[in-house]
Amino acid sequence: MGVVQICKGEYFWLEPKNAFENFQEPDIGLIALAFLQGSFAYGGWNFLNYVTEELVDPYKNLPRAIFISIPLVTFVYVFANVAYVTAMSPQELLASNAVAVTFGEKLLGVMAWIMPISVALSTFGGVNGSLFTSSRLFFAGAREGHLPSVLAMIHVKRCTPIPALLFTCISTLLMLVTSDMYTLINYVGFINYLFYGVTVAGQIVLRWQKPDIPRPIKINLLFPVIYLLFWAFLLIFSLWSEPVVCGIGLAIMLTGVPVYFLGVYWQHKPKCFNNFIESLTLVSQKMCVVVYPKMEAGSGKEEINEDPEEQRQPIYQPTASKDKDSEQPQP
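Residues numbered from 1 in each chain as written. Predicted model: local features only at pLDDT ≥ 70, side-chain atom pairs only at ≥ 80, totals over all residues. Heavy atoms only, no water.

### Regarding helix H4 (residues 58–87)
Point 1. Here H4 spans 43 Å end to end across 30 residues, near enough to the 44 Å set by a 1.5 Å rise per residue.
Point 2. Listing the buried residues of H4 in full gives Leu62, Pro63, Ala83, Tyr84, Val85, Thr86 and Ala87.
Point 3. Those residues of H4 that are buried lie in contact with helix H1 (2–7), helix H5 (90–95) and helix H6 (99–107). (Helix = DSSP H or I, 4+ residues; strand = E, 2+ residues; numbered from the N terminus. Expected span 1.5 Å × (residues − 1). Buried < 20%, exposed > 50% of the residue type's maximum accessible area, 1.4 Å probe, protein only. Contact = heavy atoms within 4.5 Å.)

Okay, here's the thing in structure tokens:
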């Protein structure tokens, strides 16, 4: 439709003298926020890292998926926006709650209903990808002992992390307490990019401190350095432009600190607390029909551990407990 509009001469807002005309006072903080909100649409580039264990030949297919998807998504999004401005002015774009729907109403006539359906299908596709990958983040955290062990359990037949999926559902519903979608995007975007920057910085530090460790996927350090420069610009000016929103985002992130000290750092917990967690884990196992996967030695593959007594043991145990358990006779 955008190509048809251009061929009909409807490209007033694409002409350079109009496309770059300022209709409000430029502000470096607003530019940073625009990047932060716009980058939310491209946030899928990192989600595939959460499911590398489930990828076939991840060292080859992970970079291939990223190299193919980011240029493809960029091409589609940029030209979709070019199509929008052939039918709508910048003021109309900002005033619209659903740009694609408004675009369809202007050009499609009686077929305008196609656009909201297309948007809904696209949204469901995005949610499906987010659910599939984000639940693996909780699954991996529980396996490392940073979350309750039940989140690291999988279904006995389908091998899906059902408790982690349910936990993702609950945490998602909690995010919906805010009615302002743009504020929620700012919360999520700020926290995400904060962690992205720390992760990329960690890559540079490891390359310097441990240059000889195996790196199946290795890139030039120029890329993470450029990313960190952009990251610093984005977060600093976003914090300067919206200190309250970014401050609330930081506060949300810091709520994990007391949870860490309570659940991980504090090893000598009262017996009643451990009994409660054990009972909760057992009930969750029965409701979801899940067990903890046991790693096969030397194969890197997981097999179902069906020993109910072992299932009730927490993932994270103090060293003394492990030594004590090892002294017990095995059946």
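That was the structure; now back to the text.
### Observations concerning the UniProt feature "transmembrane region" (unreviewed entry) in the chain
Point 1. Following the UniProt record, the feature "transmembrane region" (unreviewed entry) maps to residues 28–45, 66–87, 107–127, 162–184, 190–209, 221–241 and 247–266 here.
Point 2. Taken end to end, residues 190–209 is 100% helix and 0% strand, and its first and last C-alpha atoms sit 28 Å apart. (UniProt positions renumbered as here; feature names shortened; annotations may be inferred.)

### Topic: the packing of helix H11 (residues 243–254) against helix H12 (residues 256–265)
Point 1. In the contact formed by H11 and H12, the axes pass within 5 Å of each other and the chain directions differ by 5°. Taken together, the axes of H11 and H12 are roughly parallel relative to one another. Taken together, the residues of H12 that come into contact with H11 (itself represented by Ile252, Met253 and Leu254) are Gly256, Val257 and Pro258.
Point 2. Looking at the contact of H11 with H12 residue by residue, the classes come out as 5 nonpolar, 1 polar and no charged. (Axes fitted to C-alpha atoms, helices over the stretch in contact; angles between N-to-C directions. Parallel < 35°, antiparallel > 145°, perpendicular 65-115°, else oblique. Nonpolar A, V, L, I, M, F, W, Y, C, P; charged D, E, K, R; others polar.)

### What about the nonpolar core?
Point 1. Counting residues in each nonpolar core, the largest one holds 13 residues, and the members touching the most others are Leu36, Phe190, Tyr193, Tyr227, Trp231 and Leu235.
Point 2. For this core, the elements supplying multiple residues, two or more each, are helix H3 (28–39), helix H9 (181–209) and helix H10 (222–241).
Point 3. Leave out the neighbours within four places in its chain, and Phe190 touches Leu36, Leu235, Leu239, Cys246 and Leu250. (Core = buried A, V, L, I, M, F, W, Y, C linked by side-chain atoms within 4.5 Å.)

### Some remarks on unusual backbone geometry
Point 1. For Cys159, which is not glycine, the phi torsion reads 60° and is therefore positive.
Point 2. At Val289, a residue that is not glycine, the phi angle is positive and equals roughly 55°.
Point 3. Within the secondary structure, Val289 sits in the loop between helix H13 (271–288) and strand E2 (290–291).

### Examining the packing of H3 against H10
Point 1. At a minimum axis distance of 8 Å, the contact between H3 and H10 shows a crossing angle of 120°. In this structure, the crossing between H3 and H10 has a hand that is left-handed. Of H10, the residues touching H3 (which contributes Ile28, Gly29, Leu30, Ile31, Ala32, Leu33, Phe35 and Leu36) are Phe230, Phe233, Leu234, Phe237, Ser238, Trp240 and Ser241.
Point 2. Taken together, the residues that form the contact of H3 with H10 break down as 12 nonpolar, 3 polar and no charged. (Left-handed = near helix turned anticlockwise from the far one by under 90°.)

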